[in-house]
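Close look at the chain arrangement
Each chain, written out:
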Amino acid sequence: MQPRGDAKVRAVRIVDLDRDMSDVIPTGMTPDSEFLFQKMTDVTLDRARPGPGKRILDVASGVGQDSLALAARGAIVVGAEPSRRMTQMARLFAADKIKAGAVEPDWVQGWADRLPFATGSFDGVICKGAIDHFDQPEQAIAEMARVCARDGCVVLAIANFESLACRVGRAVDDLRLEIGLPPVRERRGYDAPSDHFTRYELPLMREQAEAHLVVESVEGISLGWGMPGWSKTMARLPAGIARGAIQAFDGVAGLAPTLSDVIVLVGRPRRSASTSR
Ligand SMILES: C[S@@+](CC[C@H](N)C(=O)[O-])C[C@H]1O[C@@H](n2cnc3c(N)ncnc32)[C@H](O)[C@@H]1O
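Criteria and cut-off values
Residues numbered from 1 in each chain as written. Predicted model: local features only at pLDDT ≥ 70, side-chain atom pairs only at ≥ 80, totals over all residues. Heavy atoms only, no water. Helix = DSSP H or I, 4+ residues; strand = E, 2+ residues; numbered from the N terminus. Contact = heavy atoms within 4.5 Å. Near = heavy atom within 4 Å. Polar contact = N/O pair within 3.5 Å; in protein donor to acceptor, adjacent residues only side chain to side chain. Areas by Shrake-Rupley, 256 points an atom, 1.4 Å probe, with all protein chains shown as cover. Nonpolar A, V, L, I, M, F, W, Y, C, P; charged D, E, K, R; others polar. Expected span 1.5 Å × (residues − 1). Disulfide = S-S within 2.5 Å. Buried < 20%, exposed > 50% of the residue type's maximum accessible area, 1.4 Å probe, protein only.

What follows covers the environment of proline 31. Structurally, proline 31 can be placed in helix α1 (residues 31–47). Sequence separation between proline 31 and alanine 242 is 211 residues; the distance between their C-alpha atoms is 7.3 Å. With residues up to four places along the chain from it excluded, the contact list for proline 31 reads Met234, Ala235 and Ile246.

Let us look at the site of the ligand. Near the ligand you find 21 residues, and of these Ala60, Gln65, Glu81, Ala112 and Lys128 are the closest. In the environment of the ligand, a nitrogen atom lies 2.8 Å from a nitrogen or oxygen atom belonging to the backbone of alanine 60. Taking glutamate 81, its side chain carries an N or O atom lying 2.6 Å from an oxygen atom of the ligand. Look at the ligand: alone it shows 600 Å² of surface, and the protein chains cover 97% of it. For the shell around the ligand, a count of residues per class yields 10 nonpolar, 5 polar and 6 charged.

Across its 15 residues, helix α5 (residues 164–178) extends 21 Å between first and last C-alpha, which sits within 8% of the 21 Å expected from 1.5 Å per residue. A positive backbone phi angle near 85 degrees is found at glycine 180, which sits one or two residues after α5.

Moving on, we get to the state of the cysteines. With the rule as written, the count across this model stands at 0 disulfides. Of all cysteine sulfurs, the one in cysteine 148 lies closest to cysteine 153, which takes part in no disulfide; the gap is 6.1 Å. Take cysteine 153: its relative accessible area is 0%, and that puts it in the buried class.

Below, the structure written as structure tokens:
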């Protein structure tokens with residue numbers, strides 16, 4: 001229906017803010033999943049260089065586990081998250097740790113593309129596993145660069161949809177379709193899920209990041225995650241052998257980030273000459 005006369009049309013943001021993490025954190029972790037999620041977290045947090053007195057912003061902080069981990073390393077942390085539901089869960093998860101002496105991060109409601117902070121407010125900004133959920137990811141990177149101090153760093157951890165696993169998965173399904181078989185899984189892991197706005201791969205990440213950041217490093221993490229049969233094989237192998245194989249593959253991911261499952265990109269803000277901070 002067309003609006004009448006001077007009736008105002010309110011823009012509605014089509015982002016699911018009622019979601020929880022049940023579709024993100026796999027139930028029944030296999031060794032390869034455990035490795036991937038742990039290393040992705042460790043590298044992201046380390047690259048933000050947390051430490052006593054460091055001001056760190058966790059963009060799209062979700063249920064807040066990374067904000068808490070950064071605070072545990074002495075940083076002064078703000079978790080920014082548009083979803084009230086997520087923030088309520090973060091407060092709930094934090095409650096026990098706080099009873100045990102942990103410092104609670106500040107939870108702030110805010111969209112990544114309009115961060116409610118002054119220019120240069122933080123020494124480090126992290127955004128983990130979230131930018132592909134943003135409807136305006138480039139504006140979000142611009143904002144992360146803006147709120148980061150000139151000599152600070154922005155850390156983006158993103159799933160790579162042109163990983164080796166995605167390429168193999170797609171090739172196997174193409175072959176199966178040609179011979180009249182259905183795809184290996186109903187939900188094709190190499191297609192971006194319905195709650196993603198962007199299907200990232202290394203060249204796109206670089207292009208978007210370089211507009212606002214001077215890229216200092218690009219690291220590949222884990223190789224093979226989601227490849228047909230990979231998780232089952234890793235779960236069946238003796239633990240030590242599985243661990244060795246996963247680490248060896250991770251070593252290859254380090255050498256060839258373009259094939260890795262997750263990419264962690266670190267950059268410092270690209271400031272125009274007129275920006276003071
Ligand atoms: C997959 S979760 C990742 C959460 C957390 N960073 C982690 O690693 O567990 C994606 C998060 O992005 C948030 N989100 C979606 N669109 C957003 C936007 N435009 N700005 C900021 N956060 C957004 C969601 O509410 C959700 O908490």
